[in-house]
Amino acid sequence: MDNLEAADVLREIAELLEIAGESTFRIRAYERAAQVIRSLPRDINSLDRKGELTEIPGIGKGIAAKLHEFLTTGEMEYFEELKAKIPESLAELTHVSGLGPKKAKLVYDELGIVGLDDLREAVSEKKLRSLPGMGAKTEANIARGLELLERSRGRLLLNEAVPAAEIFIDYLKGEPGVGALEAAGSLRRRQETVGDIDLLCAADDPADVAERFCSHPEVERVTARGEKKCSIVLHSGLQIDLRLVWPGEYGAALQYFTGSKAHNIRVREIAVKRGLKLSEYGVFDVSNGRRLAAATEAEVYGALGLPWIDPALREDRGELEAARIGALPGLIRLEDIKGDLHVHTVASDGQSTLREMVDFARSLGYAYIAVSDHALKLRVAGGLSEAEFEEQWREVDALNDELTDFRVLKAVELNIDNDGEVDFPADFLVRYDVTTASIHGGFGQDRARLTERMVRAVRHPHIDIIGHPTGRVLGRREPYDIDLTAVFEAAAESGTALELNAFPDRLDLNDGYLMEAKKVGCRFAVNTDAHHSGQLTYMRYGIDIARRGWLEPDNVINTFPLPRLKAWLTGLRTSRPPF
DNA sequence: GCCGTTTTCGGCCCGACTGTTTTCAGTCG
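Residues numbered from 1 in each chain as written. Chains lettered and ligands numbered in written order. Predicted model: local features only at pLDDT ≥ 70, side-chain atom pairs only at ≥ 80, totals over all residues. Heavy atoms only, no water.

**Student:** I'd like a rundown of the packing of aromatic side chains, residues and numbers included.
**Tutor:** Scanning the model with the defined rule gives 13 aromatic pairs in all. For the ring pair F428 and Y432, a centre distance of 5.7 Å and an interplane angle of 85° mean the geometry is edge-to-face. Under the relative-accessibility criterion, Y432 is labelled buried at 2%. Seen in terms of ring centroids, Y538 and Y541 are 6.2 Å apart; in terms of plane orientation they differ by 45°. Their pairing is tilted. Here a set of aromatic residues connected by ring pairs shows up, and it is made of F389, W393, F424, F428 and Y432. The ring of F79 has K83 sitting right over it, with the charged end atom 4.2 Å from the ring centre. (Phe/Tyr/Trp six-rings, centres within 6.5 Å; stacked < 30°, edge-to-face > 60°. Buried < 20%, exposed > 50% of the residue type's maximum accessible area, 1.4 Å probe, protein only. Lys NZ or Arg CZ within 6 Å of the ring centre and 35° of its normal.)

See below:
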């Protein structure tokens, strides 16, 4: 059992309690516990063994005992009892937009509907409209919800969502009456995937803006249209919400709609303790109803005695405590990046030539790039032999002779084989400027073996960076079953850097792991793994996730100017204990 | 079910939109 499995059970309990009509506070307690555990940067099994579960905020005696039972036996009696009372599949019904816990219970009680297939059938037979409190419109709404659920099962990756939002922002910007305008919600926080896009717009005359928004040629359906909010679904199935606010309330609205939900609840609690009230309209003095702040986010946080908090941090993972004592991190920015240390070329499985990669990197203002084609053993990816690397180095040397303001580093992406060995012997590895090693196969090994294999690579005296450390591919492949705490500790000790792979479907390490690894003292490299020159721009998504992981420029080796990077690499290799 | 620089009991974040209602419940974020 890992954190994600435990979090899923707690979330499902919350959903079932909702349908059962339980106290909203109990439901929220389970929701909060699930959310905390999902993003907890520590393994709950080890916390449980030490009896420290209740030290996690939001986990008290009750949930700790249930978790202990679940972690040690694989079952939870309370959950089983709940499922005996309410079919588990009813929880799935509430994922249908327009159908909440109350109506799910209603269709179950009245029509015996227990799952999505039943629901689809009841909709097509027009059975829902006859239920109390329901009508033809509700039924049609649920029908659309069902359709939407099927179409949008997969959430959007950042490289899909960010450009889509930018298209609509460009479309509305500059129109008469359109003031400040930007994405809010999970997209502004740059979660690794987003379910829908929230846009916020300051407008004196919202009706005009709403009209233009809803008449974009890509709009398939307008699902809500009010004074303050419009929702549209595009032909692609993507949902976009537009919130319209009076310009003087823009900051309060932006704070509110950016979330996260957990962050906002905490911020409001802080407001309440100060005799204030925070809503999307501003910060108000409860005693006299006067509005103290609303125009900008900085004013809103300021009225609560807090500094402005970067959206990337707003997850209730310690940012409010840090803000209170002036200890917020100085987050890394895209401009801090001096080069990319993981890119491929046509020599292995890339699509651009070395020269094309170098030219594009220079156009991004980089000072260096590490050309890190696959090595020998990864045959499927056209891995290079020693002789082929030597040939590539001659090309690299020629480029470096030609370029005065830029450096091409000799590099490689080694394959960590099933025993933790890599492609080349030490006497060849020392000839590279920088080496990355990654796992590309043997995912099915058991946890102990995988961990040992990875730790062995981390301690290797000639490996500088571990590539995509968990191996997950969003929507396609689960992370390797590996004890990352052990990997992080080994990396901190040996000085080996961990990659944050910026490829949008990898984003590996993720934000929670970055936080954990940073805490134990690891260094990182944010790299794109570009297989085409244009993919070098994926660096922005890597930086988005780095910021969510609280990384600062000094934690990331490719923010170093070339001399410092070289000194770091030299120090790394000479200071390590013999292998 | 959680939590405590007023509390170990009694609180727990806030408002808009929709549809089915004649004053509000359910849903959503």
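**Student:** With reference to specific residues and values, describe a negative patch on the surface.
**Tutor:** A cluster of acidic residues, D204, D205, D208 and E227, forms a negative patch on the protein surface. Tracing the backbone through its elements, the reader meets E227 in the loop between strand 5 (219–225) and strand 6 (229–234). (Patch = residues over 30% accessible without salt bridge, like charges linked within 9 Å, V, L, I, M, F, W, Y side chains within 5 Å. Areas by Shrake-Rupley, 256 points an atom, 1.4 Å probe, with all protein chains shown as cover. Salt bridge = Lys/Arg side-chain N within 4 Å of Asp/Glu carboxyl O. Lys, Arg positive; Asp, Glu negative; His and termini not counted. Charge placed at Lys NZ, Arg CZ, Asp CG, Glu CD. Helix = DSSP H or I, 4+ residues; strand = E, 2+ residues; numbered from the N terminus.)

**Student:** With reference to specific residues and values, describe the environment of R266.
**Tutor:** Relative to the helices and strands, R266 resides in helix 14 (residues 261–273). Overall, the relative accessible area of 15% leaves R266 in the buried class. Separated by 180 residues in sequence, R266 and I86 have C-alpha atoms that sit 32 Å apart. Polar contacts involving the side chain of R266 include one to the side chain of E321, which spans 3.2 Å. (Polar contact = N/O pair within 3.5 Å; in protein donor to acceptor, adjacent residues only side chain to side chain.)

**Student:** Tell me about the environment of D205, and please be specific about residues and values.
**Tutor:** In this fold, D205 is placed in the loop between strand 4 (197–203) and helix 12 (206–214). Judged by relative accessible area, D205 falls into the partly exposed class, the value being 38%. For the pair formed by D205 and L244, sequence separation is 39 residues and the distance between their alpha carbons is 9.1 Å.

**Student:** Give me the pattern of salt bridges: which residues, what numbers.
**Tutor:** Tallying each qualifying case throughout the model produces 40 salt bridges. Residue D316 pairs with R32 through a salt bridge whose shortest N-O separation is 3.8 Å. Of this pair, D316 sits in the loop between helix 15 (297–303) and helix 16 (319–324) while R32 sits in helix 2 (residues 24–38), placing them 284 residues apart in sequence. Here R355 ties to E402 by a salt bridge, and the two come within 3.0 Å at their closest N and O atoms. Remark: E402 occurs in helix 18 (residues 386–402) and R355 occurs in helix 17 (residues 354–363); sequence separation between them is 47 residues. Judged by relative accessible area, E402 falls into the partly exposed class, the value being 47%. Here the residues in one salt-bridge network are R189, E315, R317, D511 and R548, joined through shared partners.

**Student:** Talk me through unusual backbone geometry; I want residue IDs and the actual numbers.
**Tutor:** Note the cis peptide between G259 and S260, where omega equals -5°. Here S260 lies in the loop between helix 13 (250–258) and helix 14. Residue L509 is bonded to the preceding D508 through a cis peptide linkage, with omega at 10°. Assignment of secondary structure puts L509 in the loop between strand 16 (497–501) and helix 22 (511–519).

**Student:** Describe helix 23 (residues 539–548), listing the residues and the values that go with them.
**Tutor:** At 3.6 residues per turn, the α-helix brings residues three or four places apart onto the same side. Extensive coverage of helix 23 is indicated by the burial of 9 of its 10 residues. Buried residues of helix 23: M539, Y541, G542, I543, D544, I545, A546, R547 and R548, and no others. Tucked inside the fold, the buried residues of helix 23 contact helix 10 (158–172), helix 11 (185–189), strand 11 (339–343), strand 16, helix 22 and strand 17 (524–527). Within two residues after helix 23, W550 carries a phi angle of roughly 65°, on the positive side. (Contact = heavy atoms within 4.5 Å.)

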